[in-house]
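# Understanding the architecture of this molecule
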Amino acid sequence: MGKETFLARQPIVDAAHGLFAYELLFRQSLNSVSAQIGSQLQAGVEVISNTLCLGPEWLLQGKLAFINLDEATLMSDFVCLLPPHHVVYEILETVPMSAVLVARIRELKQLGYRFALDDFVCLEEYRPLLPMVDFVKLDVLEQHAEKTVEIIAHIRLNFRGQFIAEKVESREMFELCRDAGIEYFQGYYFARPENFSSKTIQPGQLAVLDLMNQVRACDDLGEIEEPLRRNAALTLRLLRYANSAASGVRQPVHTVRQALTLVGLRTLYRWLALLLVVANPSPTNLLLARTAVTRGRVCELLGQPRLDRDAQDELFITGLFSLAGPLMGTPLPDLLARLPMPDAIVQALLDRSGPYAPFLALAEASERNDFEAIARYAGEIACPPEEITVVELQSLAWTEALSTEMAEDAAAPARTRSDTRA
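Residues numbered from 1 in each chain as written. Predicted model: local features only at pLDDT ≥ 70, side-chain atom pairs only at ≥ 80, totals over all residues. Heavy atoms only, no water.

Summarising the element assignment, V293 is placed in helix α12 (residues 286-303). With 30 residues separating them in the primary sequence, V293 and L323 have C-alpha atoms 9.3 Å apart. If near-sequence neighbours (up to four positions away) are discounted, V293 is found in contact with L274, V278, F316, L320, W398, T399 and L402. (Helix = DSSP H or I, 4+ residues; strand = E, 2+ residues; numbered from the N terminus. Contact = heavy atoms within 4.5 Å.)

Here it is as structure tokens:
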């Protein structure tokens with residue numbers, strides 16, 4: 001199951017109250033109203049990680065993300081995980097000024113990243129940064145309005161970027177800042193931070209998702225061979241699958257290339273989909289995983305006399321992924337956004353429409369023993385009642401055999417490590 005991630009975002013608006021950007025804020029729980037930070041490095045890394053997990057496109061809606069960075073995070077490689085066009089990194093006022101800091105900002109700017117000075121005060125030591133940053137943020141709650149105007153006038157000589165007033169809590173303060181030449185605004189007067197949570201997709205699942213995307217995009221098995229070889233766990237599973245009795249192999253398969261040649265791209269994609277959804281389910285999800293596999297098989301077998309082989313594979317994935325959301329602990333639309341699929345699958349899963357929808361509905365109705373729904377959806381695909389009974393029994397037997405095989409597969413790496421130590 002995925003780990004719960006938390007994040008807050010607060011709008012940054014222009015003088016017309018139009019949305020310009022969001023500041024993304026660290027949160028420890030969905031009900032947190034402020035950050036409880038034990039480590040600034042942890043906070044910065046968590047915000048970057050959770051932004052990736054939630055999805056920058058969905059979270060930011062095409063706007064910029066302002067993210068606070070301490071010195072350790074700024075110097076780390078984590079800052080390069082987010083694409084430059086999405087982010088503005090805020091240099092906290094606690095970051096000590098140094099030649100190393102200036103060099104690091106210059107290096108990141110060459111990669112396209114933008115910067116803001118957070119809670120800026122007129123300390124001479126920060127003057128070298130002014131020509132390098134794109135925004136200066138002024139805390140207008142902690143100082144008199146006259147001081148804010150004075151700071152703006154003072155740094156205009158070295159700064160060609162834009163100002164952001166933060167902690168704006170009244171109309172009077174907004175108008176004073178706007179009249180002083182500040183372009184952007186943030187504070188409770190406009191909106192309080194909005195908390196988000198999501199189940200993150202775990203690293204092993206991300207590797208499978210990435211491979212599935214590559215399989216869909218490529219026509220050459222050689223393009224998939226190297227990514228698979230870099231993932232020892234997936235390589236072991238693939239070799240075991242290729243050598244299994246179910247695949248009908250006469251000669252042992254020893255290499256990734258042999259396995260890929262034997263399996264083929266279409267079957268590889270289906271195998272990866274199965275692995276993604278049902279691999280290592282929690283004890284409470286074992287029954288759900290079996291239901292997902294059985295449902296996928298029912299959809300596939302119902303399609304055999306009616307649709308071509310490609311469509312049958314897609315029907316299997318449709319049934320399997322109909323329970324992917326609860327199995328993986330992430331909303332199905334978010335999962336499908338990471339893994340583009342044929343329109344017919346997406347329509348059936350999200351809208352219950354399209355050519356695969358009646359097959360999925362019939363499989364679900366048979367699980368519930370809803371005879372009225374069974375009759376309706378069986379009629380839509382011209383399926384006689386006796387065929388449904390046979391398909392159900394065949395699917396349950398197939399799932400039982402697969403479950404045994406997957407249990408042996410999961411135990412195999414442990415036995416291998418034990419043998420190695422011996």
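After that view, the rundown keeps rolling.
Turning our attention to the side chain of E166. In this fold, E166 is placed in strand β7 (residues 162-166). Setting aside its immediate chain neighbours within four residues, E166 contacts E23, D118, D119, K137, L138, D139, V140, L141 and Q186.

Moving on, we come to the confidence of the model for the chain. Summarising the model, the chain shows a mean pLDDT of 79, and 79% of its residues fall at 70 or more. The low-confidence segment residues 410-422, where pLDDT is below 50, has one contact with residues more than four positions distant or belonging to other chains. (pLDDT = per-residue confidence, 0-100.)

Membership of the largest hydrophobic core comes to 68 residues, with the highest contact counts inside it found for M212, L268, L320 and F321. F321 has contacts with M212, A273, L276, V277, L332, L335, L339, M341 and L349, leaving out every residue within four places of it along the chain. Core analysis: the next-biggest nonpolar cluster, separate from the first, contains 47 residues, L117, L129, V133 and F159 among them. (Core = buried A, V, L, I, M, F, W, Y, C linked by side-chain atoms within 4.5 Å. Buried < 20%, exposed > 50% of the residue type's maximum accessible area, 1.4 Å probe, protein only.)

This paragraph deals with the side chain of E300. Along the chain, the position of E300 falls in helix α12. A polar atom in the side chain of E300 sits 2.7 Å from the side chain of R270. Here R297 takes part through its side chain, which lies 2.9 Å from a polar atom of the side chain of E300. Not counting the four nearest positions on each side in its chain, E300 is found in contact with R270, Q312, D313, L315 and F316. (Polar contact = N/O pair within 3.5 Å; in protein donor to acceptor, adjacent residues only side chain to side chain.)

Let's shift gears to the pattern of salt bridges. For the structure shown, the criterion picks out 21 salt bridges. The closest approach of N and O atoms between D313 and R309, which form a salt bridge, is 3.7 Å. Taken together, the positions of D313 and R309, both in helix α13 (residues 309-321) and four residues apart, correspond to about one turn of that helix. Among the residues examined, D313 registers a relative accessible area of 5% and is labelled buried. With relative accessibility at 40%, the residue R309 sits in the partly exposed group. Note that R352 is salt-bridged to E364, the shortest N-O span being 2.6 Å. Here E364 lies in helix α17 (residues 357-368) and R352 lies in the loop between α16 (343-351) and α17, a separation of 12 residues in the sequence. Here the residues in one salt-bridge network are R266, R270, R297, E300, R309, D310 and D313, joined through shared partners. (Salt bridge = Lys/Arg side-chain N within 4 Å of Asp/Glu carboxyl O.)

Looking now at the pairing of β7. Within β7, four of the five residues are buried, leaving the element largely enclosed by the surrounding structure. The sheet contact formed by strand β6 (residues 135-139) and β7 spans five bridges and is parallel. Residue pairing in the sheet places F135 in a bridge with Q162 of β7. In this view, the connection linking β6 to its parallel neighbour β7 by way of helix α5 (residues 145-155) has right-handed handedness. Relative to strand β8 (residues 184-186), β7 runs parallel, the two sharing three bridges. When the sheet's bridge partners are listed, A165 is paired in β8 with F185. The parallel pair β7 and β8, bridged by helix α6 (residues 171-179), forms a crossover whose chirality is right-handed. (Pairing = 2+ DSSP bridges. Right-handed = clockwise from strand over helix to strand, strands pointing away.)

On to α16, then. For α16, the complete set of buried residues consists of A344, I345, A348 and L349. Viewed along the axis of α16, the buried residues span an arc of 125°, placing them on a single side of the element. Across from the buried face of α16, at angles greater than 90 degrees, the exposed residues are D343 and D351. In the segment just after α16, R352 is the residue with positive phi, at about 55°. (Arc of directions from axis to C-beta.)

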